[in-house]
Amino acid sequence: MLTTIPLLNRMGGAVPVLTAKLISKLSCDDPQKPIFVWDDKLKGFAVCVTKTRKSFVFKGRIKQSGRSKQIKIAGCDVISVDEARERARVIAGEFSSLTYLDDLYKKQSIPILADAFNQYIDVYLSQRSPKHKRDTINFFKNWILPRLSMYKVSHIRSSDIFSITDEAKALGKNRTASAIWGAMSTFLKWCLDRDYIEHHPLAGRTPPKTPQPKKRLITFDEIKIIWEATERLNLIQQNLLKFIILTVQRNRETTTLEAHDINGDWWTLPAAKAKNSLDNHIYLTPFAKQFVPPPKNEGSYLFSVNGEKPIWLGDKIKKKLNIDIPPWTYHQLRHAFDTHLNEAGMPPHIVDACIGHKTFARSGVSGIYNLAEYKDQKRQVFQKWSDMVEDIVG
C-alpha cells in the first residue's frame, strides 16, 4: 500500500523519488494523523498528506540553534514537484547559515507597503514641499496602495510596478504613469536606505516615457479672444482667469492666493506653495489689482465662493469659453509671457525670475551667493506685460 511508504522510510526500506504521478496516488484516511513521504533526491523534502489536502514541506536542522524546524512550501496543486524541490533546496541552504535566525527576524520586521508609506509620510514627505507631498500621497492613494498595500516592501518586484504604469498608459494617462514610476522609485530608494529591501527593483529599468508637449505660442490676438470670452464665466472665474493672464503664475499657486499674501503692490508667493519651494514676489500692476476680489474673512482664499475652498481652473472652464482657437493650456500663458517679453527686449533672467524659474544667475554656486530679489526690475517687466495686455484688450 502506498500509505505504508513513510514506514518504509523510517525502517530503512525503499525511499521514493517524488513525482506528480506518485503524489496523485497518495491518500490518508486518518484525519488526526498525516503521513509524510520523503524524497530520495533531497534530504528533508517531503509531501505531507492529510485527509483533505497535500502539501510540500521541508524539515531540517537549523545550524545556528541546533533545533529542527519544518516549513510548509506550498500546496501540491499550486506548484510542481520540481519547483517545490528547488524551493526546498533554497531553504536547506538558509538553514545551514549561521545567521539564519537573525536574517529571519529581520525579514519578519520588514513592514508591508501601507505601513512603510505611513512612515515615509512622517519622515520624508513632511520635509518636502506641500505640493510634492500632496501629489505623492495622491499617486499612492489612487494607484499604488489599492494594489500593493499588503505586500511586504521586500516582496515588491519591478513587474508589480510595471503592471500599474501599464494600466495608467492604457487609459491614456502617460504623464500619470511616469509620475507613478517616479514616486515609487523615490519611495523604494528610501526603503533601501533603511534596509527594508536589499535591492532597488527599479534599478536599471527604463521608466515610462513622458510625451513632450507640443510647442505652442499663444499670440496676442488669441489672448484677446480668451479675455473677451471670460464674459461667459461667473464673476469669480472671470477675475481668476484675467488675473492669471496678467500675473502668469501657475494655476494652483494662483487659486490658493490668500488675503495675507498681498502687501500693497506686491504678492508674495510663499515657498510652501511654490513649485520650486522658493519665495517669489509678483508685482501687481494697477490693472491686475482690479481683478483681486475682496477678502471674505481674515486669512481666506480670495478666489473662492466661501473663502474656505479655492476654485480651480480646469478643462470645464475652458469649454465654457467656447472659443475657436487651436488647443491651448493655462500653462502656455507662461510661455507667451516669457517669449513675448524676451522679444520686447526685457532681460531674460528677470523675465524668468518673474515666473519663478531658476536661471543661470540663481543656480549652482551663483544661487548660494546671489540673493537678489530684483524687485525694481520685476516691477518694470510686469508693468510692460500689463501694458501690452491692456493695449490689446482695450
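Within each chain, residue numbers correspond to sequence positions counted from 1 in written order. Local features in a predicted model are, by the rule used here, given only for residues with pLDDT of at least 70; side-chain atom pairs are given and counted only at 80 or more, and totals for whole chains, interfaces and linings are based on all residues. Note: side-chain values were computed over all heavy atoms of the structure, leaving out hydrogens and water.

Enquirer: Is there a simple way to explain the packing of aromatic side chains in this structure?
Expert: Two aromatic rings, taken as a pair, are described by how far apart their centres are and by the angle between their planes. Working definition: a ring pair exists when centres of Phe, Tyr or Trp rings (six-membered ring for Trp) sit within 6.5 Å. Plane angles under 30 degrees give stacked, over 60 give edge-to-face, the rest tilted. Taken as a whole and judged by the stated rule, the model has 24 aromatic pairs. Ring geometry for Phe-117 versus Phe-140: centroids 4.0 Å apart, planes at 10°, classification stacked. With Phe-117 in helix α5 (residues 113-123) and Phe-140 in helix α6 (residues 130-148), this residue pair connects regions lying 23 residues apart in the sequence. Using a 1.4 Å probe on the protein chains alone, a residue whose accessible area is under 20% of its type maximum counts as buried, one over 50% counts as exposed, and one in between counts as partly exposed. For Phe-140, a relative accessible area of 0% puts it in the buried group. The ring of Trp-328 carries the charged tip of Lys-318 above its face, separated from the ring centre by 5.0 Å. By definition, being over a ring means that NZ of Lys or CZ of Arg is both within 6 Å of the ring centre and within 35 degrees of the ring normal. Across from the ring centre of Trp-266, 5.0 Å away, lies the NZ or CZ of Lys-375, which sits over that ring. The helix count covers DSSP runs of H or I at least four residues long, the strand count covers runs of E at least two residues long, and both are numbered beginning at the N terminus.

Enquirer: Looking at this structure, how should I read unusual backbone geometry?
Expert: Residues other than glycine predominantly adopt negative phi, and peptide bonds predominantly adopt the trans conformation. You will see that Asp-195, though not glycine, has its phi angle at about 60°, which is positive. Not every positive phi belongs to a glycine, and Tyr-374 is a case in point at roughly 55°.

Enquirer: I would appreciate a short explanation of the nonpolar core in the present structure.
Expert: Inside soluble globular proteins, nonpolar side chains tend to come together where they are buried. Take the buried residues of types Ala, Val, Leu, Ile, Met, Phe, Trp, Tyr and Cys, join any two whose side-chain atoms come within 4.5 Å, and each joined set is a nonpolar core. Judged by nonpolar contacts, the single largest core of 50 residues is most densely connected at Trp-227, Leu-241, Ile-245, Phe-337, Leu-341, Val-381 and Trp-385. In what follows, residue pairs with any heavy atoms lying within 4.5 Å of each other are defined as contacts. Those residues in contact with Val-381 that lie beyond four places of it in its chain are Phe-337, Leu-341, Met-346, Ile-350, Val-351 and Cys-354.

Enquirer: Help me understand the sheet that holds strand β6 (residues 266-269) in this model?
Expert: Whether parallel or antiparallel, the strands of a sheet pair through hydrogen bonds between backbone atoms. At least two bridges found by DSSP between two strands are what make those strands a pair. Pairing within the open sheet is antiparallel, and its three strands lie in the order β5-β6-β7. The sheet is open, and its two borders are formed by β5 (262-263) and β7 (280-283), each paired with just one other strand. Bridging between β5 and β6 involves two bridges; their strand directions are antiparallel. The partner of Ile-262 across the bridge, within β6, is Trp-267. Against the sheet, helix α17 (residues 375-393) engages β6 and β7, with an angle of about 45° to β7. Axis definition: a line fitted to C-alpha atoms, over the contacting stretch in the case of helices. Angles run 0 to 180 degrees between N-to-C directions.

Enquirer: How should I be thinking about helix α3 (residues 81-95) in this particular structure?
Expert: The periodicity of an α-helix, 3.6 residues per turn, causes residues three or four places apart in sequence to face the same way. What a helix should span is 1.5 Å times the count of its residues minus one. Taking 1.5 Å of rise per residue, the 15 residues of α3 would be expected to cover 21 Å, and the 21 Å separating its terminal C-alpha atoms lies within 8% of that figure. Among the residues of α3, those classed as buried are Val-81, Ala-84, Arg-85, Ala-88, Ile-91 and Phe-95. An end-on view of α3 places all buried positions within 120° of arc, on one side of the element. Exposed residues on α3 whose side chains face more than 90 degrees from its buried face are Asp-82 and Val-90. Structurally, α3 contributes buried residues whose contacts are with α2 (20-25), β2 (45-49), β3 (54-61), β4 (68-75) and α4 (100-108). The arc in question is formed by the directions pointing from the helix axis toward the C-beta atoms.

Enquirer: How should the sheet that holds strand β1 (residues 35-38) be read in this particular structure?
Expert: Read from one edge to the other, the open sheet built from four strands follows the order β1-β2-β3-β4, with strand pairing classed as antiparallel. Of all strands in the sheet, those with a lone pairing partner are β1 and β4, marking the two edges. Strand-to-strand twist across the sheet, computed as the mean angle between neighbouring axes with direction ignored, equals 30°. In this sheet, β4 lies alongside β3 in antiparallel orientation, the contact comprising seven bridges. For Phe-56, the partnering residue across the bridge sits in β4 and is Ala-74.

Enquirer: Can you help me understand the environment of Phe-58 in this one?
Expert: Relative to the elements of secondary structure, Phe-58 occurs in strand β3. Considering only alpha carbons, one finds Phe-58 and Gly-44, 14 residues apart in sequence, at a separation of 5.3 Å. Residues contacting Phe-58, with those up to four places away along its chain left out, are Lys-43, Gly-44, Phe-45, Lys-69, Gln-70, Ile-71, Ile-73, Ala-88, Ile-91, Ala-92 and Phe-95.

Enquirer: Can you help me understand the confidence of the model for the chain in this one?
Expert: A low pLDDT means the predicted coordinates there should not be read in detail. Looking at the chain as a whole, the pLDDT averages 88, with 91% of positions reaching at least 70. In the model of the chain, helix α1 (residues 5-10) stands out as the element of lowest mean pLDDT, 43, in contrast to helix α9 (residues 220-229), which has the highest, 97. Confidence drops under a pLDDT of 50 for residues 1-13, and excluding neighbours within four residues, the segment shows 19 contacts in the predicted structure. The score called pLDDT rates the predictor's confidence residue by residue, from a low of 0 to a high of 100.

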